[in-house]
Structure formats: C-alpha cells, structure tokens
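Secondary and tertiary structure notes
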2 protein chains.
Amino acid sequence: MSGQQRLEGRRALLAEIRRAGRIPRIDLAERTGISRATVTTITADLLREGLIEEVARESGSRATGRGRPKVDLKIRGAARLIAGAKVSRQSVSMVLLDFEGTQLADLEVTLDRAVHAPEDFADMLGGCLDRLAASIGRQRSEISGFGVGIAGVVDAPRGFVYWSPSLDRRNIRLGPIMRDRIGMPVHVDNDANLVAVAEKSFGLGQDHSDFIVVTIEAGVGMGIVIGNELYRGTRGCGAEFGHTKVHLDGALCRCGQRGCLEAYVADYALLREATYAGGADYDLEGLLAAARAGEPLALSILQRAGRMFAMGLANLVNIFDPELIILAGEQMRFDHLYAEEVIAAMREQIVQVDRDPPEVVVHEWGDLMWARGAAGYALEQVSEAAVAGEDADAA
Amino acid sequence: MSGQQRLEGRRALLAEIRRAGRIPRIDLAERTGISRATVTTITADLLREGLIEEVARESGSRATGRGRPKVDLKIRGAARLIAGAKVSRQSVSMVLLDFEGTQLADLEVTLDRAVHAPEDFADMLGGCLDRLAASIGRQRSEISGFGVGIAGVVDAPRGFVYWSPSLDRRNIRLGPIMRDRIGMPVHVDNDANLVAVAEKSFGLGQDHSDFIVVTIEAGVGMGIVIGNELYRGTRGCGAEFGHTKVHLDGALCRCGQRGCLEAYVADYALLREATYAGGADYDLEGLLAAARAGEPLALSILQRAGRMFAMGLANLVNIFDPELIILAGEQMRFDHLYAEEVIAAMREQIVQVDRDPPEVVVHEWGDLMWARGAAGYALEQVSEAAVAGEDADAA
DNA sequence: GGAATAAATTTGTAAATCAAATTAAATCAG
DNA sequence: CTGATTTAATTTGATTTACAAATTTATTCC
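The rules behind these values
Numbering of residues begins from 1 in every chain and follows the order in which that chain's sequence is written. Ligands are numbered from 1 and chains lettered from A, in the order in which they are written. Restriction of local features to residues with pLDDT of at least 70 applies here, the model being predicted, together with a cutoff of 80 or more for giving and counting side-chain atom pairs; totals for whole chains, interfaces and linings are based on all residues. No hydrogens and no water enter the side-chain calculation; it runs on all heavy atoms of the structure. The contact criterion used is simple: two residues touch if any of their non-hydrogen atoms lie within 4.5 Å. Two parts lose some accessible area (1.4 Å probe) when they are put together, and adding that loss for both gives the buried area. The salt bridge definition used is simple: a Lys or Arg side-chain nitrogen within 4 Å of an Asp or Glu carboxyl oxygen. We call two N or O atoms a polar contact when they sit within 3.5 Å, provided that within protein one can donate a hydrogen and the other can accept it, with sequence-adjacent residues counted only if both atoms are side-chain atoms. Helix numbers and strand numbers start at the N terminus; a helix is a DSSP run of H or I with at least 4 residues, a strand a run of E with at least 2. Residue polarity follows a fixed list, in which Ala, Val, Leu, Ile, Met, Phe, Trp, Tyr, Cys and Pro are nonpolar, Asp, Glu, Lys and Arg are charged, and the others, Gly among them, are polar. We place the copies in one frame by least squares, fitting the C-alpha atoms of every residue whose pLDDT is at least 70 in both. The span one expects for a helix is its residue count, reduced by one, times 1.5 Å. The rule is simple: take the accessible area with a 1.4 Å probe, protein chains only, and divide by the maximum for that residue type; under 20% is buried, over 50% is exposed, in between is partly exposed. The criterion for strand pairing is that DSSP finds at least two bridges linking the strands in question. Stacked, edge-to-face and tilted labels apply to pairs of Phe, Tyr and Trp rings (six-membered ring for Trp) whose centres lie within 6.5 Å, assigned for plane angles under 30 degrees, over 60, and everything in between, in that order. Charges are assigned to positions over rings by a cutoff of 6 Å between ring centre and Lys NZ or Arg CZ, combined with an angular limit of 35 degrees from the ring normal. Note that the domain bounds reflect an automated or database-derived domain assignment. Angles shown run from 0 to 180 degrees and are taken between the N-to-C directions of axes, each axis being a line fitted to C-alpha atoms and, for helices, limited to the stretch in contact.

Let us look at the interface of chain B and chain A. It is common to give the size of an interface as the accessible area that goes away when the parts come together. In this complex, chain B contributes 47 residues to the contact, which on the side of chain A involves 47 residues. Across the chain B to chain A interface the summed buried area is about 4200 Å²; carbon plus sulfur atoms make up 54%. Linking chain B to chain A there are two salt bridges. Here R307 of chain B ties to D249 of chain A by a salt bridge, and the two come within 2.4 Å at their closest N and O atoms. Here chain B is connected to chain A by 18 residue pairs in polar contact (both at pLDDT 80 or more). Of all the secondary-structure elements, those providing two or more residues to the side of chain B that touches chain A are β12 (220-226), α10 (296-320) and α12 (340-349) of chain B. Here the side of chain B that touches chain A takes eight residues from α10 of chain B, the largest share from any one element. A class-by-class count of the residues in the side of chain B that touches chain A yields 19 nonpolar, 13 polar and 15 charged.

In structure tokens form, the structure reads like this:
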C-alpha cells in the first residue's frame, strides 16, 4: 500500500504523533521537517488505515484566534491491542494496553511453582492472556503483540534465553516457542531492560535520550538507554550492574563469584551479614527497623550497603555520563540506598568538571509497571509492523 | 549539485568504498542494496567530483573469467589533505593523511612547556601544520581538516574542553578558537576516544560494530564504540575508565579521589607502593626487571595491579557486553597487565553464560597512532562535508 | 570471428517530495 | 449579515529520485 521511501516519513510522523500525544498537521510538518503537502498525504494514509484519528482541539490554546483552526491528530487507541507480562518467582503480572498505551486491564496471578518447562511456561501465559482479554470482553486472538519480561540473561532480538531462574533449562529459543504456542508475536527481554523501556515510553525518561535505570528487587538490575534506544550489548548480555565487582575477592554472591555489588546490597546479603555478625535473628523488616532505631550493628550494615551502592553508581556515571539516573523499585525498604547521603557519596566519586552532575531521581512503582514496560516493548514492535504496512488489520 | 534524497545513497556508497578499499560497482550494488542503475549514477557524480577514482583490477581474482571485467573503485587519495595531532606533556606528534587515509608525512615536536594558553596552543599547532605541509611541498591552506587529541575532559561535538593538563585554564571553547586562528575546521577530542577512532578506521576495530579500547599510558583511558559510532556520553564526560572505583576508600589517586583503578595500575601507583613497602628505590624499569627475576615484593605489586585491572575489565564487560576489547598501548612495560592470567581472571569475573566471552586483543603502537586517530576523526568530518556537497574543492 | 558471459550504462516509468496555488474554516469589522 | 482577513489543510504541477528492463561494452571461449 505504501512504497519504500514513504516508510521513513510514515515512521517519523507516527513517532512524532505518539510523542506529542495530540498535534496538528502543521506542527508535525514543522517538527519533522517534512513538507505540509507530504504530511497531508501521509496522515491521510494513516487515517485511512485506522492508526491515527482526528480529534477536536481542546488542550491548551482554547482561544484559537482567527484563521482555520488546527485539527489535532492522535494515535487511535482502538487500532491495536497489546499485552505485557512480568514473570517473577511467585507471580505473573500482566497488563493489556491499547495502541495509545492506555491501560485497559490488568491481572495478577500467583504461581504454584517458580521454575517451568518452556512449553508449560508458554501455555500458562497463554491462559493468562485469555483471562486478561476476557476481562474486557475481548479475545486473545485480537491481541497484536505480547511482551514478556523475565529475570535472567536474554538476547532480546533473537528471543533467546541464555538462562533464567524461571526456566528449567538453559539456552532456549523462548520467543519463537511462545509465538508458535500462543499464536501471536512474542517479544522477550530481560526484566530490567523493560523497566528502562517503561520509563522511556511512559515515565521519567520520555524527554531524555540517554539515561540509566537501576532497579532493586531481590537482585540489582539495570537498563541503559543511549540515543533514545535501549542498549542491549552485542548479544544481550550487558547491563549486569548487579554483578559488577565492587571489591576484589569480596563477599560471595549468589552467582558464585565474589565481590559482586549484589552481594552487598541485596536482601540476602544484608541478612547474611546481620546473622553472621550479630547473632540476633533478624528478618529484613526487623533489620530496617533496628537501623531506624539507631541500633549500631544494623546501621553499620545498611551504611556499608549504601556506600557500595554509591560506588557502583559512580562507576556507571564515569563510564556513561548519562543525563539522568532513575532508581526504580517497589518498596520503601530500599530507603537506605536511595538516601540523600548515598547520592551525595556518588557525586563525590565521579570525575569532577564544571558541570552539573547527572540528575538522580527515585521512581517508586509496583509490579504492574514492569508489565507495562513489557507491553511497551511489544508496542514498539507492533507499531513498527503497523507503520511498515503489515496489515494485521484493526479491531 | 546533489539533491536531498541522494545524500543517503552517496553516504552509503562512499562509506562502503572506504570500507572495502577497492570494490567494483556491481558489488557495491549488492552490498548496499542500491540498484545498479543508481550506483552508476551516484558513482559517476563522485568520480566527477574527484572523491573517488577508477583503478585497474589487480587484487585477488586475477583470472577474471569471461564477461566484461569488473572495474574497481576506490577513494581518491588526492581529493583532500587531512592532519591530526596528539598533544602530550612534552611533545606533539602529527600526521598528514590523504583522503584515503594513507600517511603522507609525520612530525614530532618537543615542547618546552607542558601548559599553554589556548591562543598560544593554537598558534603553536598552526606552526607545526605549516612545517608538516611544507615537508611534502604543500601548504597549510590546502589542508581540509585538523583533528586534535588532548588529554582531559572534552565535549567533542562542541569542541569544548572542560579541563586539560595541557591548557592553563578550564572551560575553553578550544575548537572554535583554533578554527579561527588556524583557518580550517578543527575537531578536538579526548585522546583515548581518538585511539578508538584509530582502531575503528585503520586498526582492529574495522570489522566490529561494538568494541571497547582501553589505553594505558601514564593514566588509563577508554574509548567506546557502539553501533559503529564512538559513544561520548551526554556531554563528553564519559569513558573515564581510569577513575572507575575498584576499592571502597582505596588508594589515593592523582585526581584526589580514592580507589580509582588508575591509583592501582598507573606508573606512579606502582612506584609509590614499591618505595613505601620495599625501601629499595626502584624506577619503573627496575621494578619490572625485579618482577621478572622473581623478586617477591615486585611480583606482588604487579600481581595486585593485574588483579585490579582484571576486575575493572570484567566490570566493563558486564556493563557493555562488547564483541571485542582492544588493549592499546605503546610499551612492553605493561606486560603484567596484558598477561594471559589477567585476561583469564577477567573471564572468571564476568557473568557466565553459554557463549564465548569477548575477544581480548593487545595492540601495541606508538604515539603516531594516536595522531592517526585524531586525523581519522577529522577525516570522518571532512568526508561527511565532502559527501554533503560542501565543495571545499579538491587538490 | 562469432557465441557466450558478465559488468556497466542508458532508457523509460513509477513513486515521492515539495513549492506554490487553492480551498476551507474560522474571526473580525462595520 | 457581509466581506475582508487570517491561518490550516489540501490540491496541483513540476522536479527529483530510484529502479527494472533493455542495451551497450568488454572480455573469454571455442
């Protein structure tokens, strides 16, 4: 339906409309550098294909002034249905988005086991998709793409999982397996990468081209955005911030190596140290409470974790020089890592030049946001397919 | 002379010709996906503009077989003249390249001072350019671009120097100042970045899209190539590998901070430790010799440096997942860092998946190669200007 | 010397972009 | 209420561009 040169323009315009939310044609022409004539032609195509729609002007400039009024264009939400899932040890969180990125439904499922065979994994998620779609009166077959976030080491473009704590074997072509079983394009990625996608698509990274997201859950993860694109390393094995070494021959990590950052800041690391040194049998809440109460041992443990974390962050800054670092995590229980003194310590350890250090912001959110990141990744892919004219026709 | 769409094709073809060295039109069409007709048209333009030239077939397939023989195209060296300089504490190394990247002349100048006012710095280098050009019977005014590598923190796109040990003040718009004084486009960058450019343009990185170059001189530097492009960070302050922290509150570094990698592996760090611990008044050669002779103290010092270096490298791999790491340096005196056991230690500290670890190669070279990197950077810029039709006419 | 082969060029056509002209939809002035 | 004014959007016509197909060119083989 559309030639080859056209693709570039279509992509640019759809991206700009998505970025802007609502925008009239004349501004599109201005911002993309594409002539008004071509903007008219291309947007007419996109309108006919149902990917965008016209809406009455409302935002901001209400008093329009004279002249023919602008007509805003926006992404047509109903154009596609997109699903995303984040799989953790005990649960699956899912969301269903429309083509605009608006959340239509969500679902939380508790798992009876943590480790799955790939086929069972696919079927289980397929079942969840059915329920998710049914909850708003739709069908699984109406969904155009499915993004899946999973812990472990993933080569996203190939959908290949080197290793994941959720799978019972290594080196699985999970993407293709799931696509065949579920009957739609499935896009798998490391969960921390998907948080970066979520921040880029829906969150604090929308206006930044280069930033880093650090996630703290059971382990420590990272996603890197360079030049508005997620950087995944040559074969998807990068961004393993948690296994960055902060001490030569240091504390033993779950991964079997020594001195990993994770071995100083993760839950199990804190508890291990508390038990080992104090004798008192803390759980995590207890340890945090004790620290808040000023108990010296607990305080010392958390402080060391904070200093190690600051050092790891400083290394990231010294290597990447990002505009922004987003610390993303669910709980208040990582207060000790997000504390102002930790950030200050980081600032002291970066290369000093006459320039503002990178902004550091804390963004707290829950499991659903991880799932939204996964859906955001699928949305990117579906959007590209749609703009390229693979007419997986509208709903 | 050429429209707007054409630019993309021109760029692609010139880049492919540069990459290939010599290549017939039909292969260009195949590799770039541009039709043979268009390849003919565009290469005809480039020929007319003098940027490329036809050469008789010779390389490889001598026995041509039947049919009209292929005619190789190559970059026309005479099209432009490009200069590059690396400024160190005591000296300046310069090279003059032709448009093909062939070295036409070089120059080494000893400096009577290490720190310069920006204007003097420009004039001094301008004088060197005169001598360099004169040495092959050309004039400064015939040079189309000048790349300058300098130690310190540089924002290359702006030509802005936050700080450099070679300049007597901070925060200088060195690029524009030099352009105005020298009368040609001047492109300034951090010297370690330029080694990465040299490897990408002329060295071991030619066939890799993502790699890291680590340089060891007095300090430790790094250049990062991502997606065939040098990554410079948001404002040019990234890639400070030497000031990556490898020990919490560790050894004191020249930069005033503690625990920097540099404070464990740089010359001064080794000597400091030897003096402090041994009493014996080593110089660097003596220390290395002692280690080779099996002297325990010397051995222990170098071994620790090696282990710290391995840890730093492992962190880079865990963050970037590059295809390739190039260790670039002048002297054999860094043998202890390039040793197989150091590389092996690095391999043990990266995240383990069923995949080959990144290749690590050692590339020894001298000061002139840094200057070639600077020239390579200028060559990129001049090449872009030429292909975009800024007819800074040929020689 | 002609058939065969393969590279490179030319030719004619379809696609796409853009500037300029035109149309559309509003406000404002009297 | 009517016509001038203003600005957005569309249409028109010319130009650029890329390409497939046909043709030309340069070589080897028999």
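Time to look at the relation of the copies chain B and chain A. With an RMSD of 0.3 Å, the fit of chain B onto chain A corresponds to turning through 180° and sliding 0.0 Å along the axis. Taken together, the rotation and translation describe the operation of a two-fold axis. Of all interface residues in chain B, 100% are interface residues in chain A too; the two copies therefore contact each other through one and the same surface.

So, on to α10 of chain B. Spacing of three or four residues puts side chains on the same side of an α-helix, whose turn is 3.6 residues. Residue and element names in this part refer to chain B. Helix length check: α10 (25 residues) gives 36 Å between terminal C-alpha atoms against 36 Å at 1.5 Å per residue, within 8%. Summarising burial for α10: 18 of the 25 residues are buried, a large majority. Just downstream of α10, D321 is the residue with a positive phi angle, here 55°.

Glancing now at unusual backbone geometry. Residue and element names in this part refer to chain B. For N171, which is not glycine, the phi torsion reads 55° and is therefore positive. By the secondary structure assignment, N171 is in the loop between β9 (160-163) and α5 (174-182). Of the residues examined, N171 reaches a relative accessible area of 30% and is grouped as partly exposed. A positive phi angle, close to 65°, is found at N228, a residue other than glycine. Along the chain, N228 falls in the loop between β12 and β13 (229-231). Here N228 falls in the partly exposed class, since its relative accessible area comes to 44%.

A regular strand carries its side chains on alternate faces of the sheet. Residues and elements named next belong to chain A. Within strand β7 (residues 145-150), six of the six residues are buried, which leaves it mostly tucked inside the rest of the structure. Every second residue of β7 is oriented toward a common face, with G145, G147 and G149 on one face and F146, V148 and I150 on the other, all of them buried. As paired elements, β7 and strand β10 (residues 186-190) share five bridges and run parallel to each other. By the bridge assignment, F146 is partnered in β10 with V186.

On to the packing of aromatic side chains, then. By the definition in use, this model includes five aromatic pairs over all chains. Ring geometry for F320 of chain A versus Y231 of chain B: centroids 6.1 Å apart, planes at 70°, classification edge-to-face. Here F320 of chain A, found in helix α10 (residues 296-320), pairs with Y231 of chain B, found in strand β13, and the two come from separate chains. When its relative accessible area of 1% is taken as the criterion, F320 of chain A is described as buried. Given a relative accessible area of 10%, Y231 of chain B falls into the buried group. Each ring, one from F320 of chain A and one from F320 of chain B, has its centre 5.0 Å from the other, and the planes form 40°; the classification is tilted. Taken together, the residues F320 of chain A in helix α10 and F320 of chain B in helix α10 connect one chain to another. Ring pairs connect the aromatic residues Y231 and F320 of chain A together with Y231 and F320 of chain B, which therefore count as one cluster. A cation over an aromatic ring shows up here: R372 of chain B above the ring of F202 of chain B, its NZ or CZ 4.4 Å from the ring centre.

Another point: the domain arrangement of chain A. Residues and elements named next belong to chain A. In terms of domain boundaries, chain A breaks down into domain 1 (6-75), domain 2 (80-197 + 369-387) and domain 3 (240-322 + 331-364). Facing nine residues of domain 1, the contacting portion of domain 2 comprises eight residues. Three residues, R11, R18 and L51, lead the burial of domain 1 against domain 2; their summed loss comes to 54% of the area buried on that side. Across the domain 1-domain 2 interface, the total number found is two salt bridges. Across the pair R11 and E384 runs a salt bridge, and its minimum N-O distance is 2.4 Å. Summed over the shared surface of domain 1 and domain 2, the number is five residue pairs in polar contact (both at pLDDT 80 or more). Of all elements in the fold, only α1 (6-20) and β3 (72-75) reach the threshold of two or more residues within the side of domain 1 that touches domain 2. The dominant element in the side of domain 1 that touches domain 2, judged by the number of residues it contributes, is α1, at five residues.

A separate point is the pattern of salt bridges. All names here are of chain A. The tally for this structure, following the rule as stated, stands at 45 salt bridges over all chains. Between D27 and K70 there is a salt bridge, with the nearest N and O atoms lying 3.8 Å from each other. Of the two residues, D27 sits in helix α2 (residues 25-32) while K70 sits in the loop between β2 (52-55) and β3, which places them 43 residues apart along the sequence. The partly exposed category is assigned to D27, whose relative accessible area is 22%. Put simply, R6, D45 and R48 are held in one network by salt bridges that share partners.

Residues and elements named next belong to chain A. Across the sheet, five strands lie side by side as β13-β12-β11-β14-β15; this open sheet has mixed pairing. Edge positions in the open sheet fall to β13 (229-231) and β15 (359-364), since each of these has one partner strand only. Each adjacent strand pair in this sheet contributes to an overall mean axis angle of 25°, direction not counted. Where strand β11 (residues 211-216) lies against strand β12 (residues 220-226), six bridges are found, and the strand directions are antiparallel. Its bridge partner being in β12, T215 is matched across the sheet by G221.

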